[in-house]
Structures are given as C-alpha cells and as structure tokens.
Amino acid sequence: MISFSTFTQWECTFNTQGYDSYLSLTQEAADFTTVEEYDYIIIGGGTTGCPLAATLSEKFSVLLLERGGVATSDILYENRSLNPLLYANHDDSPAQNFISEDGVLNTRGRVLGGSSMINFGFYSRANDYFYENSGIEWDMSAVESAYAWVENSIVTRTDGLGKWQASVFNALLEAGVGPDNGFTLDHVQGTKIGGSTFDDSGRRHGAVELLSKANPAYLKVVVHAIVDRVIFSTSKSLAAVGVTYHDSQGKHHVVRLRRGGEVILSAGAIGSHNFCY
C-alpha cells in the first residue's frame, strides 16, 4: 500500500531531557545496509515524517528515509535563523531554493526535521475551519492529544516579547488588526502571541526531536537517502512492496516491506507528488 501523510502545525513546551538522542538512530545512506523488511517505509523526514516515524515505532518496524543530512549549529540558534536562507544552494544545504510555476522564489527544507529546522519558529494550532470543512471525520480528542504530545516536547511558551516582536505586535494592533488575544496557541482572528520552537535561550527545537520519543528497537533513520521510485507488486492486487534510493556516492539500494506493509509519502507538498508521475 502507498499513502500520503500530513501533520497539523504545532507549538510545545521544551523538555530538555535527551532532545538529541535521535542521533543514535541515524545512519548515513552510504553506510547503511539491511536485509530486514519493514512494516512502514516513510519517505521524507520532515515535520510530518518525524512524528509519524516516532509514533508508528511504538508497535511497528519503521524505516525513515531523508534526502538531507543532520542539522548543524549554523541553523540551531535564533541569532542565526537567517543562515539557512542566506546560504541555500543546490547541493546539500539545509534549505533548498526553488521557483514555483508562477515564478515565485521560495525555499523548502532539505534536512532531517524538514522546514521546522529552517523557519522562524512561530507555532500555532490549525484553524477549526480546517477540521470542520476538510471532509474528514476527525477524532478531536485524538487531535488534542497529538497537539499536547508535540507541545510538551518542542514548543516554548515565552514569558515576554523581544523588542522586534513587541514592535510588530503593537504595530498590528495600531493598524486595527484586532482583537488583542494575548497569548494563545489556538488559531484565532486578530493579533496574538503564539508559541515558539526557539526556547528562551534561543535554541531551536524542530520536529526532528520528536524522534527522541521513538522506540529505538523499531526505528531506523537514514539520511542522504534520495528515493528514486516506489516499487510495486506485479500481481493483480497492485501494492507498494518497497523503494529504491541512492546515497551521496550514487550507489543504489533497495529496501522492502513486509507483507501488508505501507510506503508513506511524507516528502512535502512538492516532493511527495514527484513520485506520482
């Protein structure tokens, strides 16, 4: 089976215990060899892929493939938050520039943790309108639990605003963008103070840290693994049975699913659709 994945936006209170323990799960694609079959192969280790891998690993074997590498200190601190955009290239930078079909220059993440590792860290829950009009019957108690799980892991509820943030906040109110909602994680009309994925010391906490909550016995994370295609069965009941990818040295690899397993496309709104042609 093959499926697409999405994950709601989030804010959280950062837990300082073991935030980088995910590094012990991570291997370079050029060094990774396996004959194991997996219940789930997730393509894309970004803001959706990381929490999916962590939660699925509670009961299932998971292989997470990410085309980028592991974040360095150049993008982990608030005073360097412009670095990903300033130094983006076409090779292996954490941020990758692209131009949309209508000619707009934009940037997407190319690093374990995805765009949560290159953005400016503002966090807000999704608009209730989305849940009410998406055509999906949401279990809102499960949604609330998911929010709490993320928010208790990586989002900081700041005690006060810096000079720049305070200036923007006051300017919006003076311009009539009301009401003043104060601090809230909810998506509301008007001006508000939201959560941040930068803690009060200025350290970034992206989606990658949710991997630290995974079951290490059931999860493997492979970076610099560029997926080439999804492999489908040749039987009448068409289903995904594995993927092929190549590493940073150009060597190709094949990984396979267990019977009844799933390939999950979690490479973003742009990357996921590349596998549908």
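Given the structure is predicted, the values throughout are model-derived calculations rather than measurements.

Draft legend 1. Here's a closer look at the overall build of the protein chain. If you tally the helices and strands in the protein chain, you get six helices and 14 strands. Here the C-alpha atoms of the protein chain give a radius of gyration of 20 Å, agreeing with the 19 Å that 2.2 N^0.38 yields for 277 residues. On the principal axes, the C-alpha backbone points of the protein chain span a range of 65 × 45 × 40 Å. Contacts in the protein chain between residues at least 24 apart in sequence constitute 66% of all its contacts with a sequence separation of at least 6. Total accessible area on the protein chain stands at roughly 15100 Å², and carbon and sulfur atoms take up 52% of it.

Draft legend 2. Fine view of unusual backbone geometry. Backbone torsion omega between G178 and P179 reads 5°, so that peptide bond is classified as cis. When you line up the elements, P179 lands in the loop between α5 (163–174) and β8 (180–183). With phi around 55°, H224 is a residue other than glycine that occupies positive phi space. Looking at the secondary structure, you find H224 in the loop between β11 (219–223) and β12 (226–232).

Draft legend 3. Structural view of the packing of aromatic side chains. On inspection of all chains with the given rule, the structure shows four aromatic pairs. Plain terms: the ring middles of F130 and Y131 are 5.3 Å apart, the flat faces sit at 70° to each other, and that makes the pair edge-to-face. Residues F130 and W138 carry aromatic rings whose centres are separated by 5.7 Å and whose planes lie at 55° to one another, so their mutual orientation is tilted. Of the residues examined, F130 reaches a relative accessible area of 39% and is grouped as partly exposed. Taken together, the ring pairs connect F130, Y131 and W138 into an aromatic cluster.

Draft legend 4. Layout of the layout of surface pockets. Here the second largest pocket is characterised by a volume of approximately 800 Å³. Mapped by element, the contributors of at least two residues to the lining of the second largest pocket are α5, β9 (191–193) and β10 (195–196). The element best represented in the lining of the second largest pocket is α5, accounting for five residues. Among the residues forming the lining of the second largest pocket, the class breakdown is eleven nonpolar, 17 polar and six charged.

Draft legend 5. Representation of the pattern of salt bridges within the structure. A full pass over the atoms with the stated rule returns six salt bridges. One salt bridge in this structure joins K220 and E36, with 3.0 Å as the shortest N-O distance. Taken together, the residues span a long stretch of sequence, with K220 in strand β11 and E36 in the loop between β2 (26–28) and β3 (37–43) at a distance of 184 residues. The salt bridge involving R203 is made with E209; its shortest N-O contact spans 2.9 Å.

Reading guide: rules and limits
Residues numbered from 1 in each chain as written. Predicted model: local features only at pLDDT ≥ 70, side-chain atom pairs only at ≥ 80, totals over all residues. Heavy atoms only, no water. Helix = DSSP H or I, 4+ residues; strand = E, 2+ residues; numbered from the N terminus. Rg over C-alpha atoms; globule rule 2.2 N^0.38 Å. Contact = heavy atoms within 4.5 Å. Areas by Shrake-Rupley, 256 points an atom, 1.4 Å probe, with all protein chains shown as cover. Phe/Tyr/Trp six-rings, centres within 6.5 Å; stacked < 30°, edge-to-face > 60°. Buried < 20%, exposed > 50% of the residue type's maximum accessible area, 1.4 Å probe, protein only. 1 Å grid on protein atoms, 1.4 Å probe; cavity = no way out; pocket = protein on both sides within 12 Å on 5 of 7 lines; lining within 4 Å. Points joined across faces, edges and corners; volume = space filled by probe spheres on them. Nonpolar A, V, L, I, M, F, W, Y, C, P; charged D, E, K, R; others polar. Salt bridge = Lys/Arg side-chain N within 4 Å of Asp/Glu carboxyl O.

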